[in-house]
Protein chains: 2
Amino acid sequence: MPSTTPLKTPDLVTFEGGDEGEWVIRSIKTCAGESIPAAAALRVGMNKADSGAVAWRLSAFTSNLRYTTAQEAAMLTAKQEGLGRPEAVYAALIPIRKSPQWWALAQDERREIYEERSRHTTIGAGYLPQIARRLHHCRDLGEPFDFLTWFEFAPEHESEFDHMLSRMRASEEWQYVDREVDIRLSRSL
Amino acid sequence: MPSTTPLKTPDLVTFEGGDEGEWVIRSIKTCAGESIPAAAALRVGMNKADSGAVAWRLSAFTSNLRYTTAQEAAMLTAKQEGLGRPEAVYAALIPIRKSPQWWALAQDERREIYEERSRHTTIGAGYLPQIARRLHHCRDLGEPFDFLTWFEFAPEHESEFDHMLSRMRASEEWQYVDREVDIRLSRSL
C-alpha cells in the first residue's frame, strides 16, 4: 500500500490577534473582501481553549491531503523543511475564503483548476525549502475564512515569498478567492 | 464554468440517542470496532446547540464533494430523491471511522480505491432513487467517527439496502474501515 505522507490526526490550531504574543504583527493587508481588526501581536495555540479577550481569533485544523497526488506529495516531502527553523524569524498568516461557485464544483473540476490550470503545487514547490508552510482548514467549522495558511521564512527570502504570492494571485484558481488578508509577522525577541 | 451540484454552505447536524426523538431505534449493530451505548430513540438537530443529557451525541457537517467527479455528480443528481419522502419511514444511521493508513494516502490513491477499485459511487447509484442518503463529515471535528451517513427508505426496500451494504463492506475500501456501527430506525408515529 503506497503511503508518502506521515500518519497524523487533525490538530486544531488557534491564531489570536491581540496585544501580546510570540509573533509581532508587522502589517495587515486586505487583498480581497472584508478586512480584519488591527492588532499588535499574534499568539498561536495548539489544541487549546479560548484564552480571553482578543481583537480576533481564527481557528482551523490540519487535515488529510485534498488535491495532492502521491507523486506530488513525495516530491514535496523530499524538498520541504519544517516549521520552527531558527533562521525563519519572519512569518505570514494568509486567511482566504473561496466563493460558493468554487465549492459547488466537483472534485475533478476543482483539481483541474487547482493544479492542471493554476499550477498551485508546482509554483509552491519552486520556493522550497526556503518557504516553509502549513495549511489549516476552517470552512467546515463555520469560520469566516475557508483556509488559514501559515508560512515561515528568513527575512532575506521575503521578496521571493512576495513573488510566489503574485504568481498564485494571478492564477485562475484565485478568481475563486473572494476574501483574502495577508498578515506579516516577525518572531518576538 | 461547469457546475452540477447545488450551492450550499456547510450545515452542522447533531444526532442524539436517548429516551425520546422523532425516530425509534429498532436496532444497533456493531460491525467493526467499539460499539455505542444503547438508546431507545434518536433526535436529529440542524445547526442547534446541545440539548441536555443523552446516551450519545454525534455531530457532523455536510460539505463539498470529496471524490465525486462532475459526470458522476450529474448522474446522481438525475437519479436521486431527497430526504423526507412520506413513504420513507425507515432510516439508518451508519457512523464509520477509517484507519490512519487511509488518511495518510494522497488524494489520487484514495480516489483510486474509492471508485476505480471499490465502485463506491457506482454501487450506491444502483439503489437510487429508493435509498436516499446524506453524508456528514466529522473527522475534522475531533469526533469519534469520521463520517455519519444517513439513509431513508420505505420498509419494503430494506432488503435492497442490506444488499447494497454487503457489497460495500466486501470492497477494498472497507478494509480501511476500522469502526462501524449500523443503527436502524423507524419514524415515530
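Predicted model only: the values in this text are computed from it and were never measured.

Let's talk about the confidence of the model for chain A
Phase 1 of the analysis: Looking at chain A, the pLDDT average stands at 92 and 92% of residues meet or exceed 70.
Phase 2 of the analysis: Note that residues 1-7 of chain A has pLDDT below 50 and, in this model, 19 contacts with residues that lie over four places away or in other chains.

As for the pattern of salt bridges
Phase 1 of the analysis: Going through the model one piece at a time under the given rule, you end up with 34 salt bridges over all chains.
Phase 2 of the analysis: The partner of Arg66(B) in a salt bridge is Asp140(A), and the shortest N-O contact between them spans 3.1 Å. Taken together, the residues Arg66(B) in the loop between β4 (56-61) and α1 (70-79) and Asp140(A) in the loop between β6 (132-137) and β7 (147-153) connect one chain to another.
Phase 3 of the analysis: Look at Asp140(A) and you get buried, because its relative accessible area is 9%.
Phase 4 of the analysis: A salt bridge links Arg184(A) to Asp162(A); the nearest nitrogen and oxygen atoms lie 2.7 Å apart. A residue pair is termed long-range when its members are at least 10 positions apart, and Arg184(A) in strand β8 (residues 177-187) and Asp162(A) in helix α5 (residues 158-169) qualify at 22 residues.
Phase 5 of the analysis: Judged by its relative accessible area of 8%, Arg184(A) falls in the buried class.

Some details on helix α5 (residues 158-169) of chain B
Residues and elements named next belong to chain B.
Phase 1 of the analysis: An ideal rise of 1.5 Å per residue puts 16 Å on twelve residues; α5 measures up with 16 Å between its terminal C-alpha atoms.
Phase 2 of the analysis: Buried within α5 are the following residues: Glu158, Phe161, Met164, Leu165 and Met168. One side of α5 carries all its buried residues, which in axial view fall inside an arc of 115 degrees.
Phase 3 of the analysis: As for α5, its buried residues are in contact with β2 (23-32), β5 (90-98), α4 (120-125), β7 (147-153) and β8 (177-187).

Description of the packing of aromatic side chains
Residue and element names in this part refer to chain A.
Phase 1 of the analysis: As enumerated under the stated definition, the model contains 18 aromatic pairs over all chains in all.
Phase 2 of the analysis: Cluster of aromatic residues (ring-pair linked, three or more members): Tyr67, Trp102, Tyr114 and Tyr176.
Phase 3 of the analysis: The residue whose ring lies beneath Arg26 is Tyr90, and the NZ or CZ to ring-centre distance is 3.6 Å.
Phase 4 of the analysis: Cation over ring: Lys98 sits above Trp102, and NZ or CZ is 3.9 Å from the ring centre.

Comments concerning the pairing of β8(B)
Residues and elements named next belong to chain B.
Phase 1 of the analysis: Most of β8 sits out of view: nine of its eleven residues are buried.
Phase 2 of the analysis: Taken together, the eight bridges between β2 and β8 define a ladder with antiparallel strand orientation. Across the sheet, Lys29 pairs through a bridge with Asp182, a residue of β8.
Phase 3 of the analysis: Bridge count between β5 and β8: seven bridges; the pairing is antiparallel. Residue Lys98 lies in a different strand from β8, and its bridge partner there is Val177.

About the thresholds
- Residues numbered from 1 in each chain as written.
- Chains lettered and ligands numbered in written order.
- Predicted model: local features only at pLDDT ≥ 70, side-chain atom pairs only at ≥ 80, totals over all residues.
- Heavy atoms only, no water.
- pLDDT = per-residue confidence, 0-100.
- Contact = heavy atoms within 4.5 Å.
- Salt bridge = Lys/Arg side-chain N within 4 Å of Asp/Glu carboxyl O.
- Helix = DSSP H or I, 4+ residues; strand = E, 2+ residues; numbered from the N terminus.
- Buried < 20%, exposed > 50% of the residue type's maximum accessible area, 1.4 Å probe, protein only.
- Expected span 1.5 Å × (residues − 1).
- Arc of directions from axis to C-beta.
- Phe/Tyr/Trp six-rings, centres within 6.5 Å; stacked < 30°, edge-to-face > 60°.
- Lys NZ or Arg CZ within 6 Å of the ring centre and 35° of its normal.
- Pairing = 2+ DSSP bridges.

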